Amino acid sequence: MRFVSLILLFSLKLFAIDATLEIVKNGNKIPYIMVERLNAENADFGAKVLKMLVADLKVSGHFQADDGGVSKSLEINYKDYADKKVDLLAQIKVAKSSNTLNATISLYDINASKHIYTKSYTENDIKRFPFLAHNMTIDINSYIKAPSIQWMQRLVVLSSYVGSGSSEILICDYTLTYQKVVVKGGLNIFPKWADSKQESIYYTKYLEVPTIVKHNLATGQIEQLVGSEGVAIVSDVSKNGENLILSLSPTALSDLYIFNTKSKNLRRLANYSGIDVDGKFVNDEKEIIFVSDRLGYPNIFMMRLDGGGTEQVVLHGRNNSAITSNGKYAVYTSRETNNEFGGNTFNLYLISLAPGSNYIRRLTANGKNQMPKYSSDGGSIMYLKHYKNQSALGIIRVDYNANYFFPLNKVKIQAFDW
């Protein structure tokens with residue numbers, strides 16, 4: 001398969017992108033969809049939703065997509081579209097009323113010369129217009145029975161530095177086009193979703209000591225959980241939300257603990273005198289994968305939660321950190337150079353967690369690639385990329401060998417969760 005560069009364009013020019021494989025499903029050409037808008041009176045939001053929809057369709061990996069602009073006719077001439085090799089036609093209409101956006105999409109199968117469906121969408125905040133496009137994309141994707149892209153609906157929670165000793169927590173869509181500040185005032189860092197419904201978050205707030213708090217986004221209720229002199233971070237949350245893996249340093253160096261949110265019981269996981277951090281549940285939450293300096297440098301290890309032994313997971317590199325896992329695979333950051341006076345290269349690697357497996361795959365090629373986070377369905381990886389004085393939030397569509405980037409403008413990300 002030949003290599004191509006997949007460049008996703010919004011209103012801003014993106015920087016250099018890793019070469020990626022051309023996307024071909026089962027040896028067949030993927031569907032070509034054209035997107036048009038019907039009304040010109042709401043040109044601003046109509047154009048924004050259309051552009052976002054085309055971009056979403058491309059990011060899904062399941063479509064070739066083009067912006068068809070404003071439809072010149074309300075009549076569907078199937079032959080004209082068929083002559084252009086169009087397989088699907090999506091026509092959207094966006095109307096604004098006060099702070100509300102109402103949108104409809106009509107989908108047509110050009111090859112079958114038929115109307116498939118018309119569906120309506122509403123957002124009660126005009127700043128949330130990207131979600132109109134995200135939800136439309138999910139529905140079009142469902143029509144062709146492609147693998148799920150429900151992750152497009154999910155919010156990203158991130159902390160952003162705004163000044164000395166001050167950082168805010170925001171919720172955003174995956175492109176960072178929609179942004180809303182939910183916590184401000186003081187130093188608020190290391191946000192983590194507390195539940196699958198994304199109703200509450202954990203984060204670290206600097207009080208007398210760094211303190212982990214739980215914040216209900218709907219009610220505003222804040223509950224203080226655990227404080228620690230040096231480090232206090234929620235590294236992972238169990239699927240049912242009852243157990244947390246915490247990185248704490250009650251004495252000197254960071255250790256890993258498991259905290260039960262119902263009983264409030266806190267248990268240290270290992271009696272190691274060095275640094276253990278960034279634990280993640282794996283293997284049906286019977287084990288955790290984590291970063292430790294047990295070899296004299298940061299590397300990736302695994303331990304059983306029932307008190308079993310600890311084993312080294314990564315045999316490649318001498319400075320590995322920032323682990324994420326979907327249960328079967330893990331992705332970590334590896335420092336490829338050791339330059340004390342200049343820039344270092346950090347690349348992402350994917351490994352299998354299957355017993356005895358030696359599978360390893362490099363996912364990035366240049367710059368500093370850090371803070372990998374798996375999507376909820378385990379098929380995509382979000383991360384930060386810094387390259388040639390520019391920064392972006394990147395998404396790797398693992399099964400399609402495709403990378404997409406969203407520039408960071410006026411957002412200095414300290415940490416994020418997806």
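Residues numbered from 1 in each chain as written. Predicted model: local features only at pLDDT ≥ 70, side-chain atom pairs only at ≥ 80, totals over all residues. Heavy atoms only, no water.

K.L.:
Before we move on, can you summarise the nonpolar core with the specific residues and values?
P.N.:
Among the nonpolar cores identified, the biggest contains 27 residues, and Ile33, Val49, Leu53, Leu57, Ile105, Met136 and Ile140 are the most heavily contacted of them. With seven residues, helix α1 (residues 43-60) is the largest single contributor of residues to this core. Apart from residues no more than four positions distant in its own chain, isoleucine 33 is found in contact with Leu57, Phe63, Gln64, Ala65, Asp66, Leu88, Ala90, Leu107 and Ile140. Membership of the second largest hydrophobic core comes to 24 residues, among which are Met382, Tyr400, Tyr404 and Ile413. (Core = buried A, V, L, I, M, F, W, Y, C linked by side-chain atoms within 4.5 Å. Buried < 20%, exposed > 50% of the residue type's maximum accessible area, 1.4 Å probe, protein only. Helix = DSSP H or I, 4+ residues; strand = E, 2+ residues; numbered from the N terminus. Contact = heavy atoms within 4.5 Å.)

K.L.:
Explain the confidence of the model for the protein to me, using residue names and the numbers behind them.
P.N.:
Across the protein, the average pLDDT comes to 88, with 91% of residues at 70 or higher. Throughout residues 1-27 the model reports pLDDT below 50, and contacts reaching past four residues in sequence, or to other chains, amount to 65 contacts. (pLDDT = per-residue confidence, 0-100.)

K.L.:
Explain helix α3 (residues 129-143) residue by residue, including any values.
P.N.:
Turn by turn, an α-helix covers 3.6 residues, leaving residues three or four places apart pointing in a common direction. Between the first and last C-alpha of α3 there are 22 Å, a value that for 15 residues agrees with the 21 Å anticipated at 1.5 Å per step. In terms of burial, α3 is largely enclosed, as 13 of its 15 residues are buried. One or two residues past the end of α3 sits lysine 145, with phi positive at roughly 60°. (Expected span 1.5 Å × (residues − 1).)

K.L.:
If you had to explain the pattern of salt bridges to someone new, which residues and values would you point to?
P.N.:
Going through the model one piece at a time under the given rule, you end up with twelve salt bridges. Residue glutamate 123 is joined to arginine 128 by a salt bridge in which the shortest nitrogen-to-oxygen separation is 2.8 Å. Taking relative accessible area as the criterion, glutamate 123 reaches 8% and is therefore assigned buried. By relative accessible area, which is 24% here, arginine 128 ends up partly exposed. One salt bridge connects glutamate 223 with lysine 264, and the closest N-O pair in it is separated by 3.0 Å. Taken together, the residues span a long stretch of sequence, with glutamate 223 in strand β14 (residues 222-227) and lysine 264 in the loop between β17 (255-260) and β18 (266-268) at a distance of 41 residues. With relative accessibility at 41%, the residue lysine 264 sits in the partly exposed group. (Salt bridge = Lys/Arg side-chain N within 4 Å of Asp/Glu carboxyl O.)

K.L.:
Provide a residue-level description of the packing of α1 against α3, including the pertinent values.
P.N.:
Running from N to C, α1 and α3 point in directions that differ by 45°, and their axes come no closer than 8 Å. When the axis of α1 is compared with that of α3, the two are oblique. For α1 against α3, the interelement crossing comes out right-handed. Along the contact surface, α1 presents Phe45, Lys48, Val49, Met52, Leu53, Asp56 and Leu57, while α3 presents Phe129, Pro130, Leu132, Ala133, His134, Met136, Thr137 and Ile140. (Axes fitted to C-alpha atoms, helices over the stretch in contact; angles between N-to-C directions. Parallel < 35°, antiparallel > 145°, perpendicular 65-115°, else oblique. Left-handed = near helix turned anticlockwise from the far one by under 90°.)

K.L.:
Give me the lowdown on the environment of leucine 393, citing residues and values where you can.
P.N.:
If you trace the backbone, leucine 393 turns up in strand β29 (residues 390-397). Looking at leucine 393, the relative accessible area reads 1%, which means it is buried. For the pair leucine 393 and phenylalanine 131, spaced 262 residues apart in sequence, the C-alpha separation works out to 18 Å. Residues in contact with leucine 393, not counting those within four places in the same chain, are Tyr174, Leu176, Met382, Tyr383, Leu384, Tyr404, Phe405, Phe406, Leu408, Ile413 and Phe416.

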